Structures are given as C-alpha cells and as structure tokens.
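Descriptive analysis of the structure
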Amino acid sequence: MTLTDESTTESAPEIGRDRRRKEDQRLITGRTKWTDNIVLPGMLHMSMIRSPFAHATITNIDTSEAKSAPNVVAVYTGADLDESAGVLINAWPITPDQVTPVHPPIPADRVTFAGEIVAVVVARSAAEARDAAELVDVDYDELPAALDLKESAADTVLAHPDLGTNKSAYWVFDSAEAGTGGDVEEAIAKARVDGVVVEKEFRQQRLIPAFMEPRSVVVDPTGEQLTMWSATQVPHIVRFALAATTGVPESKIRVIAPDVGGGFGGKLQVTPEEWIAWWVARQVHKPVKYTETRSESLMAAHHGRDQWQKLTLSAEKDGTVTGFKVELLADLGSYISVVGGGVPVLGAFMFNSIYKFPAYHFACQTVLTNKAWTDAYRGAGRPEATFGIERMMDELAVAVGAEPMELRQKNWITHEEFPFTTVAGLEYDSGNYEAATEQAMANFGYDELRAEQKQRRDAGDPIQLGIGISTFTEMCGLAPSRVLGSLDYGAGGWEHASVRMLATGTVEIITGASAHGQGHETAFSQIVADRLGVPFEAVEVLHGDTAIASKGLDTYGSRSLVVGGEALVKAVDKVIEKAKPVAAHLLEASVDDIDFTAGQFTVAGTDQGLSIQEIAMATFAAHNLPDGMEPSLDSDATFDPINFNYPHGTHLCAVEIDTETGQVRMRKYTCVDDIGTVINPLIVEGQVHGGLVQGIAQALFEEAVYDDAGTLVSASFVDYLVPTAADLIHFDVSHKSTPSLTNTLGTKGVGEAGTIASTPAVVNAVVDAIRHLGVDDVVMPCTPERVWRAINDSKAGGAEPTTGDAAPHFDPSEGEAR
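Read on for an overview of the structure. (Residues numbered from 1 in each chain as written. Predicted model: local features only at pLDDT ≥ 70, side-chain atom pairs only at ≥ 80, totals over all residues. Heavy atoms only, no water.)

1. Here's the deal with the sheet that holds strand 25 (residues 635-639)
- With mixed pairing, the 4 strands of this open sheet are ordered in space as 21-20-19-25. Sheet topology places strand 21 (539-542) and strand 25 at the edges, where each strand pairs with a single neighbour. Averaged over all neighbouring strand pairs, the angle between strand axes comes to 20°, with direction disregarded. (Pairing = 2+ DSSP bridges. Helix = DSSP H or I, 4+ residues; strand = E, 2+ residues; numbered from the N terminus. Axes fitted to C-alpha atoms, helices over the stretch in contact; angles between N-to-C directions.)

Okay, structure coming up:
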C-alpha cells in the first residue's frame, strides 16, 4: 500500500486516509513508557516461586534461608495471605450451576498446574529477589494430574478432588427450543435416508498469545489513592475486580495501562501477579514491581483455544444444507478465568456462519484440567467456529461431488436477504458475500490455479498444489449489554467517551477504550478531526488511566471502533450542538439559521462565520455568552449498541506440498474483507496482516505441548514456534465496503478478522493438496511430520472415513448436565 503524501492533502477528509500512526514515533524511538520502565522512589522488586508439578499437595515451605539473603525485605506464602488479598474473579458463569474452583492469588495447600505461584520474595533489586527465590525450599507430595481433555471429561482423574468432578458447565443452544429453526435430529435422520450426512472430529490445539511485552505490574500504596500500573488490556475491569474482592473502595484505586506491548486477548485478565503485588505493597508500605520472564509468560499467563469438536452436518444430495450439530469439549485449565468459560459460548452463535441452516444444535461441556487456565485469544470462540464450519463445507463438497466454492455459494445468505435472522438467533444487518468472493477469486486467479492443480495431479508431480477457501463472518463489537446480560455475563458492553474543547484551539479526547497496539490515537483523531473540522494534529487522545478516563469497559472483541468510536461521535455531536447557540449569539442570528460544515459555523445565506476553535475561545473567556449558558463545550457520551457488528470476507490460500517429505510451502494468500467504512486503510492493512499471521501460525506452526507429567515443554521460543516474516509470504489484502447499519460511521470490526478466517483457509488448502492420496484431515499444526504421516498412513489404509456412521469419540451430553 502506498502512503498518502500528507504534505499536499491537508484539505482531504481524514476518514479513509492513510495516516502514519501518531503513537509510532515514541514507540519505535524508545521514548515510550512500558510498565517495566517505571521507577519509583524506594521501590522494591518481587520474584515468584512456582510449582514444578501440575498437581501436588504443598507439605512444607522453608523460607528461612531466603529471608536471610542480602537485601531481602520479606517472603510470603499462601498461608500469609488474609482476606484483603482477595481472589481472582470469573465474570461469566455460563450456567447457574457452573462448578467454579476458588482461585486464590497464592494457594496455601495444593497446586493445580505447573507454574502456579507458591511463594513470593520481596527484595531491593530484581536480581536479589531472583537469587533469594532460589533459596526457598518447597516440599510437595505429587498427585495424579488431569491432563487429557477427553479423559478429564470422564472424571478419570480429578483436577480439584474437593469439587468431585471436572465437568464445570454444560451449555446448550437448540434452534427448535429457541424457536429459530427446526429440529436438528430430525434433519440428520432424514438425511441418513435420502441425503448426505458428514461427521468429523477436529482438534483445536492449545495456543499461547505470545504478546511482545511480558506482563508487568507496579503498585504504589503511598498516596491517597493506591495506584497500579499494569501491562493490561482492561484497566477498568482490573479496578472493579480489585474493589470487589479486596475491600478497598473503587474511588481509592487508580489503575493505569501505560504503553502496552500487545495483548491478543492474553492481557484481558485479572492475574495472580497483580493481586500479589497489590497485597504485598500494602504490607511493606512501599512501591513494588514484578515483571515476568518470557518462560513464566508462556507457562503461567493464560492460554487459548484447546477444544475437541464433534460436528455433524446434514444436507440434501445436491448439497443444500439442512442441519448442523456441534458438540464441544472445552479445556478451561485449572481455574475459570475472567471470561474463560464464555469463550466457547461465543462460538455457539457463529458455527452457522454465513449459511442458511434450517436446524442447528450446539452443546458445550467445559472441563477443568491441571493445565494453565484458558481464556480469550484473538477471535475468542469465533476462530474455532469458523474453522469447524469451513472444514465441514469442504467435506460436504467432497461428499456430494461439488466444487467447494460453488457449494458455499449455493448455501450462503445473498445480499438481497439482509437484514437476515440466522438459525442461531442473531440478526445480520448488512453484507455482500458475493461481491467479496468475486473480487477475491479474481485477485487470486482461482480458475487458473485449479487448472494448474489438475495438471500436477494428472502428471503425478511430487509437489502437489492445494487450494483452500474460507468464507466467513464474525460477531464483534462485543457490546449489547442486554444480550450479554441474557447470557449471564457479569458486565455491560457500553463504552464512554469525553471531548474537551481547549481554549488554545486543540481538542482532548478521553476514551474508555484502552489501546495496546491498535492505533486508537490515530484513528480516533481522524474521526474527530473530520467531524469537528479541526486539524488532525490538533487532536490529542487520552486513555488507559482510570483517573483520567474514569468510565470505560476497555478493549477486546474488536469493539474499540464500533462501540468506543460511536461513543466518541456522539460526544463530538454534543459539542457541536452546545456551540451552536454561542455561534448564533455572536453572529446575531437565530440558532435555526446556523449551519456547521468543515469546522465553520455560518449563517445561512451569508458568508458570516466563526470556526469552532473561535467559539471554544469565546466560551472559555465567557465575556459574551447567551444568558444562562455555562462556559463549557465539553461533552460526554456513552454508547450501548443494540446489536453486534458483522464484518465478513473471503480468504483464499494456495499451498504446495512435497508429498515425499510433508513440507508445506505457502504460495499465495488473497483476502477481501468487508469491514464497512474504513477509517485508516494503513492501520486496517496492518491489523489484517497481523491477524493473518496468527491464524496461519495456528494452522502450520504453533502448539502448546504438555508432557505426561503436566510440564509445559514448549515454554520458550525455542520450542513454541512463532513464525517470523521469513516463514511467510506476501499477502494480497483488499476490501469491499458494505456499511454497518448499527453505528453512525458504518464501521465494522477488523482486529480479529484475519485470525478468524485464515486458519481454515490454510488447513483446507493442505488437505486439498493431498486429498486425492486418501487424506481428509491433518491435525493442527500441519507440520511436515504430521503431513508426511497422514500421507503414509493413508497409503497404509489408515485414513478415517469422511462420511458415514462412525462412532462418536466423545459425547458431551453423557452424565449430569451442568
């Protein structure tokens, strides 16, 4: 993408314009302030002692040698913590009878995953704290660990023996019961007689968010307010949770998220490290800091995905879909985190995707294990759902002998049918799947690549070509408070914004959204500059500090623009309405005759006018205001949307596979995303590129692996394979625009789109390349070894059937429903 020449286009609209990010100058020149950069007078440092066992009883902790080490101030264990230490919260109990283990910051008697904190050393320097931590002697009695997800669902070994079960919650959506569609069992039974039934089981491997900046926290207890700096996505949620669990009034708590180096959902959390720092600072009456190592981050920060999916799709013989049944096992890890139990539930509304299923059933059993806890990871439930349905559409195409893109076109919602109420009960407001697909296929050279694929197969070429498709939509702008309430989510989904008109002509924006790499400062400045008619450079964005942005619900779920941006628009419009009477008074005209365009208030039919910045100065001076008007244009607004937001797109991937070695090489990747109105194309392209990399990484590279003892063996970047630019190719990224009807700007979310769509596109391409060899699935990540084994197992007759009445591998509905 070519950057706009900013020096020659100052009169151009800001919305839709490529702008280099304001925040990048300080970020790339080292003038930023990460949490770990913060130094306070008298500050102490903490080091954590973590369990090497996945499940064990703590029989003794000897801290005496550590306490006598140089410059050690204190050593604390779980036995030292009192009620003021609080507990870690679960904000989304997905069923009334959800089984939820208590999650203390430091357990006193038993550890439930390898990496759980058992003690903390406080010293005058980080190095001294780390050295002393080596001197803490902990005795454990190792217990059997619940590690395998399917075995844990059967309660073979209990992760928390005191709970009596590993089954946490059983959540069901059924279209017949909800009145949104027919009976899925009837649809499947009918298809077994005179149609087609496709049954598959897919594994969503465990992933690690692997954000660039490790988590860090600083707590200062010395002022009137207790202040916490944290590398978090959710400063407002952290403040609320601290107040709710530690007994400190919310008004006495200030949480600051300074520059935050990425999150991807991995910092959408309240963490033991934050709660420990909070409690320790109040004990020692001095500021304390903790920054994790990379291995600690990979081991003990929350993980993502980790599901088994059993999917059953019924269709007529011509490929028209008639029903879809989804049965999930979802691994929660050893505790239920802030929204951990709800992540698979989000997917419940997206397995039907863009297709017109008449009947649908979704059932999810969440399961406790002795592994690190799971929660949101870029996409949060939507990538899992998109993977499942897009893999199944390819399998259906094979079963009925249809071309996979034509099969999708046969079943998707057409643009004339919007708004469309889906079988899952959501109303899609706008979209044009045909237009995005037509452009993607043309850009990709779809027909030419299919012809080349046929030539290679006919020639028996050892390098085979595969083509993968992913036509997707997602629900984002995680927001409607009433909907979230109906799902038992513990908070709302609104967002707040304030606009301050300063006398000097500049504008301050205060947003409750908390940036960690998205480009908020730039995109929000563009919106305000356009709407107020002020220079882009005259807008300053403030965020991430609960003392400045006192109201907000933070950043996740692609909600910043579509919810936070709309709150900002409403606040700006209030500023304009407040300014009109001032302009009318100064121009000696009726308010009804005042027009506002491009930053100028004018009297209709004349050339008389004043800029909004002149009005701001006049309001500040207050020398000549209308009677009874307060001298301020500042305005606040809160926006709570009535619906989710539904971006969509078509992603196409071509891979080459060496059938002799299993090596997968990406050859081409093309996507056309419809995200409504684009505020800054440069930022959007960056978001899509980053999302694509993370989705492709799940397909080909990344997996969190535990050994039989419950030790994470991929606890460094030597073993957890995050791809680099050298591992990937150029992405062909473009856009269509069908404006959203749920917000004034017509925008749709984009932050998660690339991740949601790319994984099935890549895996479908891998399977497509070797399907003629008898392979119908490769478990992610599709490493060369796994691809090679799939080919050779198929040659040996070991491939599983694509269709038929194969016995299910698990049944989430067995036993007591929870």
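Alright, that's what it looks like, and here's the rest.
2. Notes on the packing of helix 17 (residues 560-586) against helix 18 (residues 612-621)
- Following both chains from N to C, one finds helix 17 and helix 18 inclined at 80°, their axes separated by 10 Å at the closest point. Between helix 17 and helix 18, the angle is such that the two are roughly perpendicular. Touching Val575, Ile576, Ala579, Val582, Ala583 and Leu586 of helix 17 are Ile612, Ile615, Ala618 and Thr619, all from helix 18.
- When the residues that make up the contact of helix 17 with helix 18 are grouped by side-chain class, the tally is 9 nonpolar, 1 polar and no charged. (Parallel < 35°, antiparallel > 145°, perpendicular 65-115°, else oblique. Contact = heavy atoms within 4.5 Å. Nonpolar A, V, L, I, M, F, W, Y, C, P; charged D, E, K, R; others polar.)

3. Let's talk about the side chain of Thr77
- Looking at where Thr77 falls in the secondary structure, it is placed in strand 3 (residues 72-77).
- The contacts of Thr77, once residues within four sequence positions are left out, are Ile61, Thr63, Ile106, Val118 and Ala119.

4. Some thoughts on the pattern of salt bridges
- Under the defined criterion, the tally for this structure stands at 53 salt bridges.
- The salt bridge involving Glu199 is made with Arg192; its shortest N-O contact spans 3.2 Å.
- Glu199 sits in the buried class, given a relative accessible area of 14%.
- As a salt-bridge pair, Arg391 and Asp777 come within 3.2 Å of each other at their nearest N and O atoms. Here Asp777 lies in the loop between helix 20 (753-770) and helix 21 (784-795) and Arg391 lies in helix 11 (residues 382-400), a separation of 386 residues in the sequence.
- A relative accessible area of 0% means that Arg391 is categorised as buried.
- Using a relative accessible area of 21% as the deciding quantity, one classes Asp777 as partly exposed.
- Three or more residues are tied together by salt bridges with common partners; here these are Arg50, Arg215, Glu273, Glu292 and Glu296. (Salt bridge = Lys/Arg side-chain N within 4 Å of Asp/Glu carboxyl O. Buried < 20%, exposed > 50% of the residue type's maximum accessible area, 1.4 Å probe, protein only.)

5. Topic: helix 6 (residues 184-194)
- Those residues of helix 6 lying buried are Val184, Ala187, Ile188 and Ala191. Across the axial projection of helix 6, the buried residues extend over an arc of 95°, all falling on one side. Set apart from the buried face of helix 6 by more than 90 degrees, the exposed residues are Glu186, Lys190 and Val193.
- Those residues of helix 6 that are buried are in contact with strand 8 (195-207), strand 13 (304-316), strand 14 (321-333) and strand 15 (360-368).
- Here helix 6 starts with a cap whose side-chain oxygen sits 2.8 Å from the backbone nitrogen of Glu185, and that cap is Asp183. (Arc of directions from axis to C-beta. Polar contact = N/O pair within 3.5 Å; in protein donor to acceptor, adjacent residues only side chain to side chain.)

6. A closer look at the packing of helix 11 against helix 20
- Packing of helix 11 against helix 20 brings their axes to within 8 Å, and their N-to-C directions diverge by 30°. With respect to their mutual orientation, helix 11 and helix 20 come out roughly parallel. Both helix 11 and helix 20 take part in a crossing whose hand is right-handed. In this structure, helix 11 uses Arg382, Pro383, Thr386, Phe387, Glu390, Arg391 and Asp394 to contact helix 20, whose residues at the interface are Ile756, Thr759, Pro760, Val763, Asn764 and Val767.
- A per-class count over the contact of helix 11 with helix 20 returns 6 nonpolar, 3 polar and 4 charged. (Left-handed = near helix turned anticlockwise from the far one by under 90°.)

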